[in-house]
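These are the residues of each chain, in order.
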Amino acid sequence: MKDSKSETAAARVAVLMGSQSDAEQMQPASDVLRELGVAHEVVVTSAHRSPDKTAAYAREAADRGIRVLIVGAGRAAHLAGAVAANTDLPVLGVPLDSGSLRGLDALLSTVQMPKGVPVATLAIGSAGAANAGVLAAQILALSDTGLAAKLSDRKKAQAAAVAGRVRTVDVGD
Ligand code: RP5
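Here is a short report on the structure shown in this document. (Residues numbered from 1 in each chain as written. Predicted model: local features only at pLDDT ≥ 70, side-chain atom pairs only at ≥ 80, totals over all residues. Heavy atoms only, no water.)

1. As for the packing of helix α5 (residues 126-141) against helix α6 (residues 145-163)
1) Next: Taken N-terminus to C-terminus, the directions of α5 and α6 make an angle of 140 degrees; their axes are 8 Å apart at the nearest point. The pairing of α5 with α6 is recorded here as oblique in orientation. Here α5 runs over α6; the crossing is left-handed. In contact with V134, A137, Q138, L140 and A141 of α5, α6 contributes L147, A148, L151 and R154. (Axes fitted to C-alpha atoms, helices over the stretch in contact; angles between N-to-C directions. Helix = DSSP H or I, 4+ residues; strand = E, 2+ residues; numbered from the N terminus. Parallel < 35°, antiparallel > 145°, perpendicular 65-115°, else oblique. Left-handed = near helix turned anticlockwise from the far one by under 90°. Contact = heavy atoms within 4.5 Å.)

Below, the structure written as C-alpha coordinates:
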(Lines give C-alpha, C1' and ligand atoms only; values in the text may rest on other atoms or scores of the structure.)
Protein backbone atom coordinates (compact mmCIF):
# COMPACT_ATOMS: atom_id res chain seq x y z
CA MET A 1 0.00 0.00 0.00
CA LYS A 2 1.22 3.47 -0.82
CA ASP A 3 0.43 6.83 0.73
CA SER A 4 -2.81 8.30 -0.67
CA LYS A 5 -3.37 5.51 -3.19
CA SER A 6 -6.82 5.85 -4.78
CA GLU A 7 -8.98 3.45 -6.72
CA THR A 8 -10.26 4.81 -10.06
CA ALA A 9 -13.91 5.32 -9.05
CA ALA A 10 -14.77 7.90 -6.41
CA ALA A 11 -13.81 6.40 -3.07
CA ARG A 12 -16.65 5.55 -0.66
CA VAL A 13 -14.40 4.14 2.05
CA ALA A 14 -11.10 5.47 3.37
CA VAL A 15 -8.50 3.19 4.90
CA LEU A 16 -6.25 5.28 7.13
CA MET A 17 -3.18 4.18 9.07
CA GLY A 18 -0.72 5.90 11.32
CA SER A 19 2.47 4.74 9.62
CA GLN A 20 3.69 3.04 6.46
CA SER A 21 4.84 0.31 8.85
CA ASP A 22 1.12 -0.50 9.42
CA ALA A 23 0.53 -1.32 5.74
CA GLU A 24 0.93 -5.08 5.92
CA GLN A 25 -1.56 -5.50 8.78
CA MET A 26 -4.06 -3.16 7.11
CA GLN A 27 -3.83 -4.77 3.65
CA PRO A 28 -6.76 -7.19 4.32
CA ALA A 29 -9.14 -4.23 4.60
CA SER A 30 -8.28 -3.22 1.04
CA ASP A 31 -8.38 -6.83 -0.14
CA VAL A 32 -11.94 -7.30 1.13
CA LEU A 33 -13.13 -3.98 -0.28
CA ARG A 34 -11.59 -4.78 -3.66
CA GLU A 35 -13.19 -8.24 -3.65
CA LEU A 36 -16.57 -6.60 -3.02
CA GLY A 37 -16.01 -3.90 -5.63
CA VAL A 38 -16.03 -1.03 -3.13
CA ALA A 39 -13.96 1.94 -4.31
CA HIS A 40 -11.65 3.09 -1.55
CA GLU A 41 -8.52 5.07 -0.88
CA VAL A 42 -5.58 4.36 1.38
CA VAL A 43 -3.92 7.17 3.31
CA VAL A 44 -1.01 7.23 5.75
CA THR A 45 -1.50 10.01 8.28
CA SER A 46 -0.51 10.29 11.90
CA ALA A 47 -2.34 11.80 14.85
CA HIS A 48 0.90 13.01 16.36
CA ARG A 49 3.32 13.37 13.41
CA SER A 50 0.89 15.04 11.00
CA PRO A 51 -1.99 16.28 13.16
CA ASP A 52 -3.05 19.06 10.76
CA LYS A 53 -3.21 16.68 7.78
CA THR A 54 -5.20 14.19 9.87
CA ALA A 55 -7.75 16.78 11.01
CA ALA A 56 -8.14 18.30 7.55
CA TYR A 57 -8.60 14.89 5.94
CA ALA A 58 -11.29 13.92 8.46
CA ARG A 59 -13.12 17.24 8.08
CA GLU A 60 -13.20 17.02 4.27
CA ALA A 61 -13.92 13.29 3.92
CA ALA A 62 -17.73 13.47 3.85
CA ASP A 63 -17.80 16.25 1.23
CA ARG A 64 -15.46 14.16 -0.93
CA GLY A 65 -17.93 11.26 -0.93
CA ILE A 66 -16.35 9.09 1.75
CA ARG A 67 -19.02 7.29 3.79
CA VAL A 68 -17.00 5.12 6.21
CA LEU A 69 -13.51 5.53 7.64
CA ILE A 70 -11.38 2.53 8.62
CA VAL A 71 -8.54 3.65 10.86
CA GLY A 72 -5.66 1.46 11.97
CA ALA A 73 -2.92 2.43 14.40
CA GLY A 74 -0.58 0.82 16.86
CA ARG A 75 0.91 1.66 20.24
CA ALA A 76 -0.84 4.72 21.80
CA ALA A 77 -3.20 4.54 18.80
CA HIS A 78 -5.01 7.85 19.08
CA LEU A 79 -5.50 8.18 15.30
CA ALA A 80 -9.03 6.75 15.23
CA GLY A 81 -10.13 9.06 18.01
CA ALA A 82 -8.50 12.07 16.36
CA VAL A 83 -10.33 11.25 13.13
CA ALA A 84 -13.65 10.68 14.91
CA ALA A 85 -13.26 14.05 16.61
CA ASN A 86 -13.31 15.73 13.20
CA THR A 87 -16.07 13.92 11.30
CA ASP A 88 -19.64 12.70 11.70
CA LEU A 89 -18.92 9.65 9.53
CA PRO A 90 -18.68 6.21 11.18
CA VAL A 91 -15.12 5.38 12.24
CA LEU A 92 -14.02 1.74 12.46
CA GLY A 93 -10.86 1.42 14.54
CA VAL A 94 -8.35 -1.36 14.02
CA PRO A 95 -5.81 -1.74 16.86
CA LEU A 96 -2.49 -2.85 15.41
CA ASP A 97 0.21 -5.09 16.82
CA SER A 98 3.25 -2.86 16.44
CA GLY A 99 4.89 -2.64 19.82
CA SER A 100 6.13 -4.63 22.77
CA LEU A 101 2.57 -5.00 24.11
CA ARG A 102 1.51 -6.79 20.90
CA GLY A 103 -1.53 -4.59 20.25
CA LEU A 104 -3.06 -4.68 23.72
CA ASP A 105 -2.02 -1.04 24.13
CA ALA A 106 -3.71 -0.08 20.85
CA LEU A 107 -6.80 -2.14 21.67
CA LEU A 108 -7.37 -0.35 24.96
CA SER A 109 -6.64 3.04 23.42
CA THR A 110 -9.02 2.44 20.53
CA VAL A 111 -11.88 0.85 22.43
CA GLN A 112 -11.88 3.22 25.40
CA MET A 113 -13.18 6.34 23.68
CA PRO A 114 -14.89 8.64 26.16
CA LYS A 115 -18.66 9.05 25.85
CA GLY A 116 -19.81 11.19 22.94
CA VAL A 117 -17.20 10.43 20.26
CA PRO A 118 -17.50 6.75 19.30
CA VAL A 119 -14.97 4.55 17.53
CA ALA A 120 -16.25 1.07 16.66
CA THR A 121 -13.37 -1.23 17.56
CA LEU A 122 -12.40 -4.37 15.66
CA ALA A 123 -10.02 -7.19 16.57
CA ILE A 124 -6.26 -6.62 16.79
CA GLY A 125 -4.28 -6.78 13.56
CA SER A 126 -5.05 -8.26 10.16
CA ALA A 127 -8.24 -10.07 11.26
CA GLY A 128 -9.60 -6.77 12.50
CA ALA A 129 -8.60 -5.07 9.26
CA ALA A 130 -10.41 -7.71 7.19
CA ASN A 131 -13.51 -7.45 9.38
CA ALA A 132 -13.40 -3.67 9.14
CA GLY A 133 -13.56 -4.05 5.37
CA VAL A 134 -16.61 -6.29 5.67
CA LEU A 135 -18.26 -4.01 8.20
CA ALA A 136 -17.68 -0.93 6.05
CA ALA A 137 -19.29 -2.76 3.14
CA GLN A 138 -22.22 -3.78 5.34
CA ILE A 139 -22.80 -0.14 6.27
CA LEU A 140 -22.77 0.89 2.60
CA ALA A 141 -25.02 -2.06 1.74
CA LEU A 142 -27.83 -0.55 3.83
CA SER A 143 -28.47 1.66 0.78
CA ASP A 144 -26.88 -0.48 -1.95
CA THR A 145 -28.78 -3.66 -2.86
CA GLY A 146 -26.09 -4.85 -5.27
CA LEU A 147 -23.47 -4.72 -2.53
CA ALA A 148 -25.87 -6.40 -0.09
CA ALA A 149 -26.21 -9.30 -2.55
CA LYS A 150 -22.42 -9.62 -2.83
CA LEU A 151 -22.12 -9.74 0.96
CA SER A 152 -24.83 -12.38 1.17
CA ASP A 153 -23.08 -14.50 -1.47
CA ARG A 154 -19.78 -14.09 0.38
CA LYS A 155 -21.32 -15.35 3.62
CA LYS A 156 -22.87 -18.35 1.84
CA ALA A 157 -19.49 -19.17 0.32
CA GLN A 158 -17.90 -19.05 3.77
CA ALA A 159 -20.57 -21.40 5.15
CA ALA A 160 -20.04 -23.79 2.23
CA ALA A 161 -16.29 -23.79 2.87
CA VAL A 162 -16.85 -24.72 6.51
CA ALA A 163 -19.41 -27.41 5.59
CA GLY A 164 -16.87 -28.89 3.19
CA ARG A 165 -14.55 -29.54 6.12
CA VAL A 166 -17.08 -31.62 8.09
CA ARG A 167 -16.06 -35.27 8.30
CA THR A 168 -17.90 -38.20 9.74
CA VAL A 169 -16.16 -40.12 12.50
CA ASP A 170 -17.12 -43.79 12.80
CA VAL A 171 -16.94 -44.66 16.50
CA GLY A 172 -17.78 -48.31 15.88
CA ASP A 173 -19.63 -50.49 18.42
C1 RP5 B 1 1.70 4.33 15.46
O2 RP5 B 1 2.96 3.99 15.89
C3 RP5 B 1 1.57 3.75 14.09
O4 RP5 B 1 0.23 3.47 13.79
C5 RP5 B 1 2.42 2.52 14.14
O6 RP5 B 1 1.63 1.36 14.41
C7 RP5 B 1 3.35 2.77 15.31
C8 RP5 B 1 4.81 2.80 14.92
O9 RP5 B 1 5.01 3.70 13.85
P10 RP5 B 1 6.44 3.82 13.16
O11 RP5 B 1 7.39 4.29 14.22
O12 RP5 B 1 6.81 2.45 12.61
O13 RP5 B 1 6.26 4.82 12.04
O14 RP5 B 1 1.54 5.71 15.43
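2. Focus on the site of the ligand
1) Next: Around the ligand sit G18, S19, S21, D22, H48, R49, A73, G74, R75 and S98, and that is every residue in its neighbourhood.
2) Next: The separation between an oxygen atom of the ligand and a polar side-chain atom of S21 is 2.7 Å.
3) Next: Contacts to the ligand include S98, whose side-chain N or O atom sits 2.9 Å from an oxygen atom.
4) Next: Burial of the ligand by the protein chains amounts to 77% of its free accessible area of 360 Å².
5) Next: By residue class, the composition of the shell around the ligand is one nonpolar, six polar and three charged. (Near = heavy atom within 4 Å. Polar contact = N/O pair within 3.5 Å; in protein donor to acceptor, adjacent residues only side chain to side chain. Areas by Shrake-Rupley, 256 points an atom, 1.4 Å probe, with all protein chains shown as cover. Nonpolar A, V, L, I, M, F, W, Y, C, P; charged D, E, K, R; others polar.)

3. Some words on the side chain of T45
1) Next: The residue T45 is located in the loop between β3 (40-44) and α2 (51-61) in this model.
2) Next: Among the polar contacts made by the side chain of T45, one reaches the side chain of S50 at a distance of 3.2 Å.
3) Next: Of note is the side chain of T45, whose polar atom sits 2.7 Å from the side chain of T54.
4) Next: The residues touching T45, leaving out its near neighbours within four places in the chain, are L16, M17, G18, S50, K53, T54 and L79.

4. Looking at helix α1 (residues 23-35)
Since the α-helix packs 3.6 residues into each turn, any two residues three or four apart lie on the same face.
1) Next: The terminal C-alpha atoms of α1 lie 18 Å apart, and with 13 residues this matches the ideal 18 Å at 1.5 Å per residue to within 8%.
2) Next: What α1 keeps buried is the set A23, Q25, M26, P28, A29, S30, V32 and L33.
3) Next: Just downstream of α1, G37 is the residue with a positive phi angle, here 75 degrees. (Expected span 1.5 Å × (residues − 1). Buried < 20%, exposed > 50% of the residue type's maximum accessible area, 1.4 Å probe, protein only.)

5. Section: a nonpolar patch on the surface
1) Next: There is a patch of nonpolar side chains on the surface, built from L101, L104, L108 and V111 and spanning about 370 Å² of accessible area.
2) Next: Summarising the element assignment, V111 is placed in helix α4 (residues 104-111). (Patch = residues over 30% accessible without salt bridge, like charges linked within 9 Å, V, L, I, M, F, W, Y side chains within 5 Å. Salt bridge = Lys/Arg side-chain N within 4 Å of Asp/Glu carboxyl O.)

6. Regarding α4
1) Next: All of the buried residues along α4 are D105, A106 and T110. Down the axis of α4, the buried side of the element spans an arc of 120 degrees, and every buried residue falls inside it. (Arc of directions from axis to C-beta.)

7. Considerations on the nonpolar core
1) Next: In this structure, V13, V15, M26, V38, I70 and L147 are the most contacted members of the largest nonpolar core, which totals 28 residues.
2) Next: Of all the elements in the fold, those that place two or more residues in this core are β2 (13-17), α1, β3, β4 (68-74), β5 (91-96), α5 and α6.
3) Next: Dropping the residues within four chain positions of it, I70 is found in contact with V13, A14, V15, L16, M26, A29, L33, L92, V94, A132, G133 and A136.
4) Next: Core analysis: the second largest hydrophobic core is formed by 21 residues, L16, A73, A77 and A106 among them. (Core = buried A, V, L, I, M, F, W, Y, C linked by side-chain atoms within 4.5 Å.)

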